[in-house]
Every structure is written in C-alpha cells, then in structure tokens.
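Coordinate analysis (summary)
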Amino acid sequence: MKKIVAWKSLPEDVLAYLQQHAQVVQVDPSQHDAFVAALRDAEGGIGASAQITPAMLEGANRLKALSTISVGYDQFDVDDLTRRGIVLAHTPDVLTESTADTVFSLILACARRVVELADWVRAGQWRASIGPAQFGLDVQGKTIGIVGLGRIGGAVARRAALGFNMKVLYTNRSANREAEQAYGARRVELAELLAQSDFVCLQVPLTRETRHLIGAAELRAMKKSAILINASRGATVDELALIEALRNGTIHGAGLDVFDTEPLQADSPLLSMPNVVALPHIGSATHETRHAMALNAAQNLVAALDGTLTTNIVNRDVLAR
Ligand code: NAP
C-alpha cells in the first residue's frame, strides 16, 4: 500500500478517505528529523503551515505528489519539485469567499475602530455618550486599491463595489476584464493606486517580485488617512517600515492577518498600537472552509498519486516530463 505523510491534523472523515487509498503517517513538522525520515519513505504528502525545503527532500525518491491545504504555495520551492518530478497541488477557490470576508472584517474593524472601542467599553471607559474622540471613518463610497486582483481580490472587489458602493482600483501584471466589467475596477500603476486609495489591500502571492512590495517609499506614497490591509503573506510588506509609518502617522492604520514571523511575537510594537488590528492568520479559518480545503487537498493528492489530477496543479510542467 502507498504511504502518505500528513504534517497537519486532518478532519476524521478526510483522514478516513485518505486511509481508503493509502497508509497515512501523521508527523509533527516541528520534529524535523522524524518529518524528513517520513518523507523519505512516502509516495505522497499533505499538510500546511510548514516550510518544505529541497534539503528535506533529499533521498525522498519515492515521492510523487505533495498537496498543500492552502492556495498559497510560497512554502515550497516549486522549481525544485518540478526538477524532482513531484506534483504540487493546492486548494484555490474553496477558500476565496471566507478569505474575502476576513479582508472586509479588517477594513470595517480598522475604519470603525471596532476592536479598539470594544476594548474601551470592556475597560469601563464608556461613561457618557461618545463624541468625536470615538468617531471612525466611512467605508462606503471610498476608494479601495487591490494589489493583486485574482480570485480573492475579485471577491473583495465584489463586496466593495456592489455592497459598499466603492470605487475599485487594482494592479496585476495582466488585466482582469471580468472585474473591470462587473465591478468597474480600473487597472492602474502601483503609484497611482497608492496615491488614490483610502484602503490598500494586498492579495498577491508571495514571490521574489512581491517580497517587500510595500516598503517605506510605498507607505509614504499612500494618503495619510489611508489604511493598509494585508491578508496575503507577511513578507509582502516590509514590517519594520510599516511599524515606523504607523508610529509617525505616515498612514492612518493597518489591518493585518499575516506577519513576518508567525505566531506574532508578544513584544511586537504592532500590538501596542491602537490603530492596528492584528489577527492570527485566520483568512480561511471557518469550520466549513477549513473542512472543504482539507477534503479538496486530500482528493487532489489521491488523484495526483493515481495520475488523474487535472486541476489545482501548481507545477503543470511536471506532467510534460
Ligand atoms: P490568485 O487568484 O492567483 O490572485 C493573485 C493575484 O495577484 C493575481 O491577480 C495576479 O495577477 C496578481 N499578481 C501576482 N504576481 C503579481 C505581481 N508580481 N505584481 C502584481 N500582481 C501580481 O490567488 P488568490 O487565490 O486570490 O490568492 C492570493 C494569495 O492570497 C495567496 O497566494 C495567498 O498567499 C494569500 N492567501 C492568504 C490567506 C490568509 O489566510 N490570509 C488565505 C488565502 C490566500 P497577474 O498574474 O496578472 O499578475
């Protein structure tokens, strides 16, 4: 029977499904040596939230497919997997709407100061009717700039344009005609997006080109009243430059689901700033979506090992080998 390594705990029914097709060995990715040894002995792997380096795959000669329970695949060296003939599968689409909801939660929470004021009430500070010191900013009718208008960015644009009557600007390497037609989205250069947007939302994958896409210069190019939302990957933003910009009032606030180091360190300056809403990487984290992602990843893996997977493949080149 084939062997599969699972480096993330799986819902019972998903595990049972995999066990119909293979022997499943569960490993704790923090136990590096045991993890590497298990990969050496397996045909397939499934998991999330762990870096899989080329060194970890040395000697894993039976490995045919890896399946990540995520749409992002920055934790893999895709070229190396292709060279080794290993298929990499991911889970686009099933998490699009939940992640767009998280983005919008951050937009609303930052603009209307939901977390800060809920804490204020809890601390017994609400002693008279509120005044300008507790006012926030409108979201409806404002301009949203989406850096990376793909699946999730498109779902954010839909909420923004149809639900909140917002003007949508975006950057992409190629045009998203569907979003242009459906939501009036306008493709602009990053400089224009930064200068015009009230909310700048990052939804690009983390790649060599997008690492630190937003640094000190880009933050300075934003409106002083603007709010930065990052639900892509921490490293798309230069976190030190962001901390500085939030301290200096270069921008108004930030809503962050992702960070340079996760979990975010308890002594991060971001946690003491009232104009920051920090979430523990919950983009897709609903019961329904996380289950759908695990099932989708398991189905991808079984099909990849059978040689029948046709969708959700990151490195299609591997099939041409
Ligand atoms: P997607 O459909 O591939 O969208 C990514 C968009 O980014 C595309 O429109 C792409 O357009 C654009 N893009 C790529 N490289 C770019 C570059 N160098 N400059 C400008 N734009 C670029 O992916 P998705 O499903 O929306 O997911 C996007 C990312 O969200 C994932 O990769 C993941 O990192 C993140 N994510 C985070 C969470 C969370 O929990 N916070 C959850 C899910 C996903 P072009 O190719 O035309 O440039």
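Residues numbered from 1 in each chain as written. Predicted model: local features only at pLDDT ≥ 70, side-chain atom pairs only at ≥ 80, totals over all residues. Heavy atoms only, no water.

A word on the pairing of strand β10 (residues 227-230). Residues in a regular strand point their side chains to alternate faces of the sheet. Residues Ile 227 and Ile 229 point to one face of β10 and Leu 228 and Asn 230 to the other, with burial holding for every one of them. Direction of pairing for strand β9 (residues 199-202) relative to β10: parallel, over a ladder of 4 bridges. When the bridges of β10 are listed, Phe 199 appears paired with Ile 227. For the segment spanning β9, helix α9 (residues 216-221) and β10, crossover handedness is right-handed. As defined by bridge partners, β10 adjoins strand β11 (residues 253-256) across 4 bridges and the pair is classed as parallel. Paired with Asn 230 across the strands is Leu 256, a residue of β11. (Buried < 20%, exposed > 50% of the residue type's maximum accessible area, 1.4 Å probe, protein only. Helix = DSSP H or I, 4+ residues; strand = E, 2+ residues; numbered from the N terminus. Pairing = 2+ DSSP bridges. Right-handed = clockwise from strand over helix to strand, strands pointing away.)

Counted under the stated rule, the structure contains 16 salt bridges. Among the salt bridges present, the one from Glu 43 reaches Arg 62, with a minimum N-O distance of 2.8 Å. Of this pair, Glu 43 sits in the loop between α2 (32-40) and β3 (44-47) while Arg 62 sits in the loop between β3 and β4 (65-68), placing them 19 residues apart in sequence. Arg 62 gets classed as partly exposed once you look at its relative accessible area, which sits at 37%. Ionic pairing is found between Arg 233 and Asp 74, a salt bridge with its closest N-O pair at 2.9 Å. With Arg 233 in the loop between β10 and α10 (239-248) and Asp 74 in the loop between β4 and α3 (78-84), this pair connects stretches of sequence that are 159 residues apart. Looking at Asp 74, the relative accessible area reads 25%, which means it is partly exposed. Overlapping salt bridges, with partners in common, bring together Lys 3, Asp 41, Glu 43 and Arg 62 in one network. (Salt bridge = Lys/Arg side-chain N within 4 Å of Asp/Glu carboxyl O.)

Read from one edge to the other, the open sheet built from 7 strands follows the order β8-β7-β6-β9-β10-β11-β12, with strand pairing classed as parallel. Of all the strands in the sheet, just β8 (186-187) and β12 (276-278) have a single pairing partner and so form its edges. Contacting β10, β11 and β12, α10 crosses the sheet at an angle of about 140° to β11. (Contact = heavy atoms within 4.5 Å. Axes fitted to C-alpha atoms, helices over the stretch in contact; angles between N-to-C directions.)

Moving on, we get to the site of the ligand. Lining the immediate environment of the ligand, one finds 24 residues, of which Arg 151, Ile 152, Arg 173, Ser 174 and Asp 257 sit closest. In the model, an oxygen atom of the ligand is placed 2.8 Å from a nitrogen or oxygen of the Arg 151 main chain. Take His 281: an N or O atom from its side chain is 3.1 Å from an oxygen atom of the ligand. Calculation on the ligand without its partners gives an accessible area of 910 Å², and the protein chains cover 86% of this total. Grouping the constituent residues of the shell around the ligand by class yields 7 nonpolar, 12 polar and 5 charged. (Near = heavy atom within 4 Å. Polar contact = N/O pair within 3.5 Å; in protein donor to acceptor, adjacent residues only side chain to side chain. Areas by Shrake-Rupley, 256 points an atom, 1.4 Å probe, with all protein chains shown as cover. Nonpolar A, V, L, I, M, F, W, Y, C, P; charged D, E, K, R; others polar.)

Backbone torsion omega between Glu 262 and Pro 263 reads -5°, so that peptide bond is classified as cis. Take Pro 263: it is sitting in the loop between β11 and β12. The phi torsion at Ser 49 lies on the positive side, around 60°, for a residue other than glycine. On the basis of relative accessible area, Ser 49 is assigned to the exposed category, the value being 57%. A positive phi is found at Asp 93, a non-glycine position, where the angle reads about 70°.

A separate point is the domain arrangement of the chain. Quite often, the size of an interface is put as the accessible area lost when its parts meet. Domain parsing of the chain yields domain 1 (3-94 + 287-320) and domain 2 (96-278). Of note, the centres of domain 1 and domain 2, computed from C-alpha atoms alone, are 32 Å apart. Across the contact, 8 residues belong to domain 1 and 5 residues belong to domain 2. Carbon and sulfur atoms make up 40% of the surface buried where domain 1 meets domain 2, a total of about 580 Å² over both sides. Counting across the interface, domain 1 meets domain 2 through 1 salt bridge. Grouping the amino acids of the side of domain 1 that touches domain 2 by side-chain chemistry returns 3 nonpolar, 3 polar and 2 charged. (Domains from an automatic or database assignment. Buried area = accessible area lost by both parts, 1.4 Å probe.)

Considering all chains together, one arrives at 2 aromatic pairs under this definition. Between the aromatic rings of Trp 7 and Phe 35, the centroid separation amounts to 5.5 Å while the plane-to-plane angle is 45°, which identifies the pairing as tilted. Taken together, the positions of Trp 7 in the loop between β1 (3-6) and α1 (12-19) and Phe 35 in helix α2 put the pair 28 residues apart, joining distant regions of the chain. (Phe/Tyr/Trp six-rings, centres within 6.5 Å; stacked < 30°, edge-to-face > 60°.)

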